[in-house]
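# Descriptive analysis of the structure
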Amino acid sequence: MLVLPDLPYAYDALEPALSAETLRVHHDKHHAAYVEKANALAGKAGLGDRPLEDLILEARRRGDEALFNNAAQAWNHGFFWRSMSPQPTAPSGLLAAAIERAFGNLAGLKTRFVEEGSGHFGSGWVWLAATAAGLEVLSTHDADDLVTHGDTTPLIGCDLWEHAYYLDYKNDRPGFLNRWFDEAADWTFAERQFAAASGQGEVWRYPVAAEAQA
Ligand code: MN
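Figured I'd write up the structure that's included with this text. Keep in mind that this is a model prediction, so the values were computed, not measured.

## Examining the coordination of the manganese ion
Here the manganese ion is held by His26 (NE2), His77 (NE2), Asp159 (OD) and His163 (NE2), and the distances to it run 2.0 to 2.1 Å. In this structure His26 comes out as buried when scored by relative accessible area, which is 1%. Judged by relative accessible area, Asp159 falls into the buried class, the value being 0%.

## Re unusual backbone geometry
Residue Pro16 follows Glu15 across a cis peptide bond; omega there is 5°. If you check the backbone angles, Asp142 has positive phi at about 55° while not being a glycine. If you trace the backbone, Asp142 turns up in the loop between strand S2 (134-141) and strand S3 (153-159). Residue Asp142 is classed as partly exposed on the basis of its relative accessible area of 42%.

## A few points about the environment of Ala184
Within the element layout of this structure, Ala184 appears in the loop between helix H7 (173-183) and helix H8 (187-197). Ala184 sits 144 residues away from Ala40 along the chain, and the two C-alpha atoms are 33 Å apart.

## What to know about the nonpolar core
Ranked by size, the top nonpolar core spans 62 residues in total, and within it Leu135, Trp180 and Trp187 carry the most contacts. Per-element accounting of this core gives the leading share, 9 residues, to helix H3 (residues 65-82). The contact partners of Leu135, leaving out residues within four places of it in the chain, are Leu95, Ala98, Ile99, Ala102, Phe103, Leu128, Ala129, Ala130, Leu155 and Phe194.

## Structural notes on the environment of Val208
With respect to the element layout, Val208 can be found in the segment after H8. Along the primary structure Val208 and Asn105 are separated by 103 residues, whereas in three dimensions their C-alpha atoms are 36 Å apart.

## What about the packing of helix H4 (residues 93-103) against H8?
The N-to-C vectors of H4 and H8 enclose an angle of 90°; their axes lie 9 Å apart at closest approach. If you check the angle between H4 and H8, you find them roughly perpendicular. Across from Leu94, Leu95, Ala98 and Ile99 in H4, the residues of H8 making contact are Trp187, Ala190, Glu191 and Phe194. When grouped by side-chain class, the residues that make up the contact of H4 with H8 number 7 nonpolar, no polar and 1 charged.

## Structural notes on the pairing of strand S1 (residues 124-131)
In terms of burial, S1 is largely enclosed, as 8 of its 8 residues are buried. Because side chains alternate across S1, one face comprises the buried residues Gly124, Val126, Leu128 and Ala130, and the other comprises Trp125, Trp127, Ala129 and Thr131, equally buried. The loop that links S1 with its antiparallel partner S2 comprises 2 residues.

## Structural notes on the packing of helix H1 (residues 20-44) against H3
Angle between the axes and distance between the axes are the two parameters that describe a pair of packed helices. Look at H1 against H3: their axes get within 8 Å of each other, and the N-to-C directions meet at 145°. The way H1 lies across H3 gives a crossing that is left-handed. On H3, the residues that touch Leu23, His26, His27, His31, Tyr34, Val35, Lys37, Ala38, Leu41 and Ala42 of H1 are Ala66, Leu67, Asn70, Ala71, Gln73, Ala74, His77, Gly78, Phe80 and Trp81.

## Looking at the sheet that holds S3
Spatially, 3 strands are ordered S2-S1-S3 in an open sheet, and the strand pairing comes out antiparallel. Of all strands in the sheet, those bounded by a partner on one side alone are S2 and S3. Within the sheet, the average angular offset between the axes of one strand and its neighbour, ignoring direction, is 20°. As paired strands, S1 and S3 are joined by 6 bridges and run antiparallel to one another. Bridging from a neighbouring strand, Trp125 pairs with Asp159 of S3. Sheet strands touched by H3: S1 and S3. Its angle to S3, the strand with the most contacts, is close to 90°.

## Describing the pattern of salt bridges
Under the definition given, this model contains 8 salt bridges. Glu58 is paired through a salt bridge with Arg62; the nearest N and O atoms lie 2.8 Å apart. Residue Glu58 and its partner Arg62 are located together in helix H2 (residues 52-62), separated by 4 residues, close to a single helical turn. Within the structure, one salt-bridge network assembled from shared partners comprises Glu58, Arg61 and Arg62.

Rules of the game
- Residues numbered from 1 in each chain as written.
- Predicted model: local features only at pLDDT ≥ 70, side-chain atom pairs only at ≥ 80, totals over all residues.
- Heavy atoms only, no water.
- Donors = N, O, S within 2.8 Å, 3.2 Å for Na, K, Ca; no water.
- Buried < 20%, exposed > 50% of the residue type's maximum accessible area, 1.4 Å probe, protein only.
- Helix = DSSP H or I, 4+ residues; strand = E, 2+ residues; numbered from the N terminus.
- Core = buried A, V, L, I, M, F, W, Y, C linked by side-chain atoms within 4.5 Å.
- Contact = heavy atoms within 4.5 Å.
- Axes fitted to C-alpha atoms, helices over the stretch in contact; angles between N-to-C directions.
- Parallel < 35°, antiparallel > 145°, perpendicular 65-115°, else oblique.
- Nonpolar A, V, L, I, M, F, W, Y, C, P; charged D, E, K, R; others polar.
- Pairing = 2+ DSSP bridges.
- Left-handed = near helix turned anticlockwise from the far one by under 90°.
- Salt bridge = Lys/Arg side-chain N within 4 Å of Asp/Glu carboxyl O.

This is the structure we're talking about:
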């Protein structure tokens, strides 16, 4: 059984970049619904005991689109909550050096991230990821995730579905992404993911029941 992990901060902790109302609906309704549907579909498919990462890969392998979409969305949202912090810090150390190599500086990364997310047609996700080629900004459509994109480790990810920003920004996706990058992105989490991508520590995995309470 998949769980709905608690938010790792209070509903109002990301204000004013994201309102408490947005986080409440997004977590308690949208994320909760993906978890609930994924559990129902996984149960029917005889996969109810799988960790979420395995479930996503198996759903993709079987071509079970409904299960894949709900399972991947559960994972993407768990990762999204962790990609944000009420006390964001600037990237440092090896991650800062990799950002300089790939984008010149943090402002260059921001330009690329906002451009990719704003230019992405329809629903999906924008990611900063570590690949064999170094750091890359990527976007994926709808529920598609990076779990099924081998050798690609997401460092941070932002939700591009309208429900992620519409209450606060209406149709202004670039405005949302600008502010998200400056005021919410958790570079400490990104640094841990980046270290794990090069073999230092473990990459983030979707919490299991015992770990789900923040
Ligand atoms: Mn969402």
